Structures are given as structure tokens and as C-alpha cells.
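# A closer look at the structure
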Amino acid sequence: MAELKERGLRKTVGVPGLFATAYGNVGSSIYYALGLVAAHALGLTPLVFIFAGGLFALTAKTYAEGASMFPEAGGSSSFARHAFNEVVSFFAGWGLSLDYIITVAISAFFVPHYLGAFFPALGHGPGDVIGGAAVILILAALNIRGLGESTKVNLFLAITDLFTQVALVVLGAAVILDPELMISQVHLGVAPTYTELLFAVSISMIAYTGIETVSNMAEEARDPGEQVPRTVNYVLIAVIGLFAGISIISMSALPVTQDAAGNYSTALGTTFKDDPVLGIVSALHLHGTLETVARYYIGALAATILIIATNAGLIGISRLSWSLAEHRQLPGIFSSLHPRYRTPWFTITFFSLIAIVLLVPGETDFLGNLYSFGAMLSFTIAHVSIVALRLRDPHRDRPYRAPWNVNFRGRPVPMTAVVGALGTGIAFASVVALHTEARVVGTGWMAIGMAGYFLYRRQQGLEPLKRYRIEHAERPVDFVEVTYKSALVPILGADVDNESMARAAKLVGPDAAVEAVYVLRVPDYLPLESGMEEEERLGRSVLEVARLQARIAGCRVRCRLIRTRNPGRAIVEEARDRHSDLIYISTDHAPSNERLLGPTTRYVLGHRPCRVVIEHDNSVDPESPVGNATDQRSRIPAGRPA
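Predicted model, so just to flag it, every value in this text is computed and none were measured. (Residues numbered from 1 in each chain as written. Predicted model: local features only at pLDDT ≥ 70, side-chain atom pairs only at ≥ 80, totals over all residues. Heavy atoms only, no water.)

Below, the discussion takes up the overall build of the protein chain. Secondary structure assignment for the protein chain yields 21 helices and ten strands. Relative to its 642 residues, the protein chain shows a buried fraction of 58%. When the accessible surface of the protein chain is summed, it comes to about 25,200 Å², and 61% of that surface belongs to carbon and sulfur atoms. (Helix = DSSP H or I, 4+ residues; strand = E, 2+ residues; numbered from the N terminus. Buried < 20%, exposed > 50% of the residue type's maximum accessible area, 1.4 Å probe, protein only. Areas by Shrake-Rupley, 256 points an atom, 1.4 Å probe, with all protein chains shown as cover.)

Below you can see the structure in the form of C-alpha cells.
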């Protein structure tokens, strides 16, 4: 019996992976946002962060509803596409691309400042600019060669960062917290002035970079409707709570002072503006070796987290550009892949160079203002899109609905989105009004993008408002034998050994079916469901050969191609989902890095849900400790992790 499988997607990211990715991006911003905001808000810094956190919470609810409806890369651009048209969608996407570029630039710029704990020359110009540019260039080169993200490493670092920030708040509360000082250093209208306070509010949203990450990762979540909202709630609690706590401690550690000329300032926004968390550590009165160790620890952790945030920005802009090019909103070169490494080399190179250009002046206020320009624009469009979808498409399946709904013309409208749109819209207007450089550069960026969009569509003979998508070849039929599902045979290379499939069938019994699975690893820079057509066609051909050879050998076979970020995990989950009794791996024809106990085989052995048999020909490697048919058995029942 044969049936058509739609895409064979393997959704492998759960709540921990989503949380690690999101918190790693959002949580990293405290390492630079604190100094930028404190320089203008002075003693009201904690209240500014709490206010910005409120806008972040409203925006997060909007993204939770949108990402659960449309689990695809693009974020606000995707929401606008479904709510309005391609022009609005590109407008949002192009503004969002500016955010990703600034995330790359500002995260990379602050890496050398925290490494200044080890090498003081990196803590000021030109070392910081050279170091930041080097970080971007190195990550760009690695990404072009196919550097991947590790969910486990991200989760470990996110949890380490989380506990470090909690420890900093607890230690600060015990050692230096002074509520009376917190109140006495505020002189509203003077320190800070109303203009400076509004200035601080407009720049404060840079503290919550990364909310788009959850939307971009939603396409890989096992259950976007349930997991994305949960992740958003966890990130909200962690980020808002810790940002408020750290900002309160910081104003006790480095309070507002007045100089001889009557000017008010805090060392958090002057001396430690470029490494504010190190400034807090210096004020904890640790002294001696303990203070040195603490500075080294914070410096190393912050630099690592910021490098990961820089890399996440490159991955984010790659996925966004791919999505825009896939919908014929950007030229095809933005989705072109390197002929050898199969990565979006042009997109990575193009946007990395722009990030370096913006980083060179070394003006962090400028970068923060420019980020707020793009972020507030994208967030406002996201809010409006969700409201429009509630009115225009009320019957669409919504796994998650934003709360606080009010009926309008018989349709429930989420007030979180309405209030959020007003808040982010006003914040955007204040950025445009108060920050000349952001107004000029941001407006110029949007104007160039929109002009390019209309010119590209005109040259391609495409209507600006109409939705298009690059057509891909029709997927051929996968043959699925539905009677037995006992033996899973992963195919790790482009060659098939029919003997291994016959042996697998014999091991599980004469009436059992063999399930041949071709695992196609998709790089982090490409959407999980599209791209790599050439590799997928090869995989389909390999499966067809496997099916024919198995038929000749008298075996029943079920063929399946799955696309995944992690081949080993995909194989384990496939075996668990199918309740397979056996995973039979032949490494004779696998790529060189998968021979014997390669990374995929090691993962399968370490997480096996059932018996695993590894077949290897000793003539290939006479010194191999693995026999011709080495049987690795687990007594744990199928369906449970090892």
C-alpha cells in the first residue's frame, strides 16, 4: 500500500530548546542595555526597564498568537503577509532585517569590552571596534562553512547565565541594596530631565532584543500551538524579573552623583557604560582574588553569551532573507547557496559587511536608537496584523489566543495587541522625533528597501500587492507499507547496501517490514521546510533504489525522507514514534565522518529507545573494534529513552 507524505518534516525543538534560544538572545541584552539606559534615565532606570518590560509582555503575547498560527520564519513579516498584502509584509520584514543587523553589530561590539577583563586594550577604542569586527568576520566565515547551533550548549549557557544573574541580584540585595538611596537620588525634571527620561524610554526597548527568535524557531517546534506560548511566558518571567532586579541593584551599586558643575551622572552610564555588569561586580566589595575571579567569570560568560547572540543574529537574518526571497520579495541571490557548503553565503556576507560598517563609529547610542527604530516599527505592524486577522479571519484556527479580549462588531479583539500597538507606535514616534541619526539612517534604510522592492517586482513582471512563492518540484510518492513497522534502517549516505536491508528483515522475522529512512540534514540558515531541492532529489532517488533492492530481496519496505537539524535525534524519535523493535545501521557506505561510530551513530546509541545493530565490514578497517555485526542491545522497552 502506498500513500503520499506531504513533506516528511521532523520537528525536533521543544520548550527547553526554544527557551534557551530566546533567553540567550533576550537575556544577552542586559550586558549592554543597562549602561545605555542608565546614562539617560539615571535613578529612574529600574522604572524605565519595568515600563519597557510591560511593552515587551504585550508584544510577546502578540507573537505567541501569531507564531502559533503561522509557525514559519518571518515573524511580523509573516503576520502582515496573512493580514494585509506583500507590500506591508516586506515593509515589516525590511524593518526587521535592520534589527537583526543591529543585534549582530551591537552584540559583537560589546564582546571585546567584556574580554577587557582579561585584555584591557580591548576595553576601549580602537581595540573594541577591531575586536567587534573580527568577531563578525570570524562568525560569518564559520557560518558560510556551515557552523550549526547546539541546543544543548545554548541551553547550558542560558541556564548558567540565568543563575549567574539571579546570584548577582541576591548577592547585591544582601550587600549593597539601599532603598532610601534609591528614592533620594531621583529628582524628576532635573535628574533626569523629562527630555532625557523620554530619550531613555525610547532606547530601552533594546533591552528586549530577541522576541522574533521564538517566531523564527516556531517552524521547528514539535507543537507550536502549545510550546510557543509556554516558552514566551517563561521568557517573560525570567527576563522582566531579572532586568528589574539587576537594574535596582545597579543603582545602589553605582548611584547618581553630582559634580562640581552641578551635572548629574552615574558611573553605570559613564565609566562602565560599555561593560555595566562588570561595574556592578566592582561595587560588591569583594576585594582581592575573589573580585578578580568574579570579574574574569562575568567577563568570560558575558563575552560567550554575546558571541552566541551575534551568531543568532546572523542565523536570524539568513532565515528572514530566505523567507523574503522565497516569496519573491528579495532577489533570488539572497536565497542562493554556496556550491560547496550549501549555506546562504551571499546573505551572510552582505549583512555582515553592513553590520561592520555600522559598528565602526563605535557609537553605542546610535546603534541602540537604530535598533529601537526597526524594532518599534516591526512590533507595531505585528500588533496591528494580529488585530486585523481577528477581524478579517475570525474562524482561522488559533492554538493560542492573546488575552483580554473585547468584542468589536461581534469579533473578539485582544486588548493586549491594541494597547501594545499604541505603546510601540508612540515609542517609534519618539525615536523618530528625538534621535536624528536614527531618523535619517532608519528612514533611508526603509526608503532604499521599498524602492528596491518595487523595482525588483517590476523587473520580474510581478504585481507588488500579490502573493507569490518560488515553485518547487512536486514531491514524488513515498511508498509506505502499513502492516509492519518493526525495523528502522537509516541511510547515512548516497549508496544503499541491499544486504543490510535483507539482514535487518531477517533479524525481525520473515513477515516484518523494513522502514528505510533517508535523513537530510538542513543547515540552521535555511527554513526547515524548503530549500536543498538537489539534496532532496538525491535522497528520494536513494530511497527508490532501496525500495527496489529490498523488493528484489523479498523484503517489504517503507520509504521515508525526513528533514532535520539533528540526524541522530531524528532517527531516535522516528524509532520511538514508530515503536520500532530494531534500529539497523550499516556504516559501510556512509560518508567518511559517519564510518564506525560517527556522531549520528553515537547519538543513536546514547539515546536508543530499542535494540541497535551496527554493521561494519572489518576489511574496511582491520583495526576496528567493531565486528561485522556488532549488536548493541538495550533492555529498556521501546518508546522510553535510554
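Text resumes after the structure shown.
Time to look at the side chain of Glu 86. Among the secondary structure elements, Glu 86 is positioned in helix 5 (residues 86-115). Not counting the four nearest positions on each side in its chain, Glu 86 is found in contact with Arg 81, His 327, Gln 329, Tyr 453, Arg 457, Pro 464, Leu 465, Lys 466, Arg 467 and Tyr 468. (Contact = heavy atoms within 4.5 Å.)

Judged by nonpolar contacts, the single largest core of 132 residues is most densely connected at Tyr 23, Tyr 31, Phe 49, Tyr 208, Leu 358 and Trp 445. Here the element with the most residues in this core is helix 5; it accounts for 17 residues. Those residues in contact with Tyr 23 that lie beyond four places of it in its chain are Ser 28, Ala 158, Asp 161, Leu 162, Gln 165, Val 235, Ala 238, Val 239 and Leu 242. Residues Leu 488, Ala 570, Val 572 and Ile 585 belong to the second largest nonpolar core, which totals 17 residues. (Core = buried A, V, L, I, M, F, W, Y, C linked by side-chain atoms within 4.5 Å.)

Reading predicted coordinates in detail is not appropriate for stretches of low pLDDT. The predicted model of the protein chain has a mean per-residue pLDDT of 82, with 81% of residues at 70 or higher. The model gives residues 1-12 a pLDDT under 50, and that stretch makes 51 contacts with residues more than four places away or in other chains. Low pLDDT, under 50, characterises residues 620-642; the stretch is placed with 49 contacts to residues that sit more than four places away or in other chains. (pLDDT = per-residue confidence, 0-100.)

Among the five residues of strand 5 (residues 487-491), five are classified as buried, and the element is accordingly described as predominantly covered. Because side chains alternate across strand 5, one face comprises the buried residues Ala 487, Val 489 and Ile 491, and the other comprises Leu 488 and Pro 490, equally buried. Of the strand pairs in this sheet, strand 5 and strand 8 (residues 582-586) are connected by two bridges, and their pairing is parallel. Within strand 8, the position partnered with Leu 488 by the bridge is Ile 583. (Pairing = 2+ DSSP bridges.)

Bridging between strand 3 (residues 405-408) and strand 4 (residues 411-414) involves four bridges; their strand directions are antiparallel. What sits directly across from Asn 407, in strand 4, is Pro 412. The hairpin turn running from strand 3 into strand 4, its antiparallel successor, is two residues long, and Arg 409 in that turn takes a positive phi close to 55°.

Below, the discussion takes up the environment of Gly 127. As for its placement among the helices and strands, Gly 127 is situated in helix 6 (residues 127-144). In the structure, Gly 127 is positioned 15 residues away from Pro 112 in sequence and 7.5 Å away in space, judged by C-alpha atoms.

This next bit is on the environment of Ser 68. With respect to the secondary-structure elements, Ser 68 resides in helix 3 (residues 45-69). On the basis of relative accessibility, which here comes to 6%, the residue Ser 68 falls in the buried class. Considering only alpha carbons, one finds Ser 68 and Asp 397, 329 residues apart in sequence, at a separation of 9.3 Å. One polar contact links the side chain of Ser 68 to the main-chain carbonyl oxygen of Ala 64, over a distance of 3.1 Å. (Polar contact = N/O pair within 3.5 Å; in protein donor to acceptor, adjacent residues only side chain to side chain.)

The final tally for this structure, using the stated rule, is nine salt bridges. In this structure, the salt-bridge partner of Arg 390 is Glu 65, at a minimum N-O distance of 2.9 Å. In this pair, Arg 390 is assigned in helix 15 (residues 364-392) and Glu 65 in helix 3, connecting sequence segments 325 residues apart. Take Arg 390: its relative accessible area is 2%, and that puts it in the buried class. A relative accessible area of 0% means that Glu 65 is categorised as buried. (Salt bridge = Lys/Arg side-chain N within 4 Å of Asp/Glu carboxyl O.)

Now for a nonpolar patch on the surface. Together, Phe 118, Phe 119 and Tyr 296 make up an exposed nonpolar region whose accessible area comes to about 300 Å². On the secondary structure map, Tyr 296 appears in helix 13 (residues 288-326). The class for Tyr 296 is partly exposed, based on a relative accessible area of 37%. (Patch = residues over 30% accessible without salt bridge, like charges linked within 9 Å, V, L, I, M, F, W, Y side chains within 5 Å.)

With 15 residues, helix 14 (residues 345-359) should reach 21 Å at 1.5 Å per residue; the first-to-last C-alpha distance of 21 Å fits that figure. Burial in helix 14 covers these residues: Phe 346, Thr 347, Ile 348, Phe 351, Ser 352, Ile 354, Ala 355, Ile 356, Leu 358 and Leu 359. For helix 14, the secondary structure elements touched by its buried residues are helix 5, helix 6, helix 13, helix 15 and helix 17 (436-459). (Expected span 1.5 Å × (residues − 1).)

A separate point is unusual backbone geometry. The omega torsion of the bond from Gly 125 to Pro 126 falls at -5°, within 30 degrees of zero and hence cis. For the peptide bond that leads from Ala 191 to Pro 192, omega is 5°, which places it in the cis range. By the secondary structure assignment, Pro 192 is in the loop between helix 8 (179-184) and helix 9 (194-204). Even without being glycine, Leu 42 reaches a positive phi, approximately 50°. Note that Leu 42 resides in the loop between helix 2 (30-41) and helix 3. Its identity as a non-glycine residue notwithstanding, Arg 409 has a phi of 55°, on the positive side. Its location among the elements puts Arg 409 in the loop between strand 3 and strand 4. Residue Arg 409 is classed as exposed on the basis of its relative accessible area of 75%.

This part is about the packing of aromatic side chains. Summed over the entire model, instances satisfying the criterion amount to 19 aromatic pairs. Taking 4.8 Å as the distance between ring centres and 20° as the angle between the ring planes, the aromatic pair formed by Phe 90 and Tyr 453 counts as stacked. Taken as a pair, Phe 90 in helix 5 and Tyr 453 in helix 17 lie far apart in primary sequence, 363 residues in all. Note on accessibility: Phe 90 and Tyr 453 belong to one class, buried. (Phe/Tyr/Trp six-rings, centres within 6.5 Å; stacked < 30°, edge-to-face > 60°.)

Their axes nearest at 9 Å, the elements helix 2 and helix 3 cross at an angle of 120°. Relative to helix 3, helix 2 is oriented oblique. As helix 2 runs across helix 3, the sense of the crossing is right-handed. Along the contact surface, helix 2 presents Ala 33, Leu 34, Val 37, Ala 38 and Ala 41, while helix 3 presents Thr 45, Val 48 and Phe 49. (Axes fitted to C-alpha atoms, helices over the stretch in contact; angles between N-to-C directions. Parallel < 35°, antiparallel > 145°, perpendicular 65-115°, else oblique. Left-handed = near helix turned anticlockwise from the far one by under 90°.)

Before going further, it helps to spend a moment on the environment of Leu 47. Inspection of the secondary structure assignment puts Leu 47 in helix 3. In this structure Leu 47 comes out as exposed when scored by relative accessible area, which is 55%. A C-alpha to C-alpha distance of 8.8 Å links Leu 47 and Ser 247, two positions 200 residues apart in sequence.

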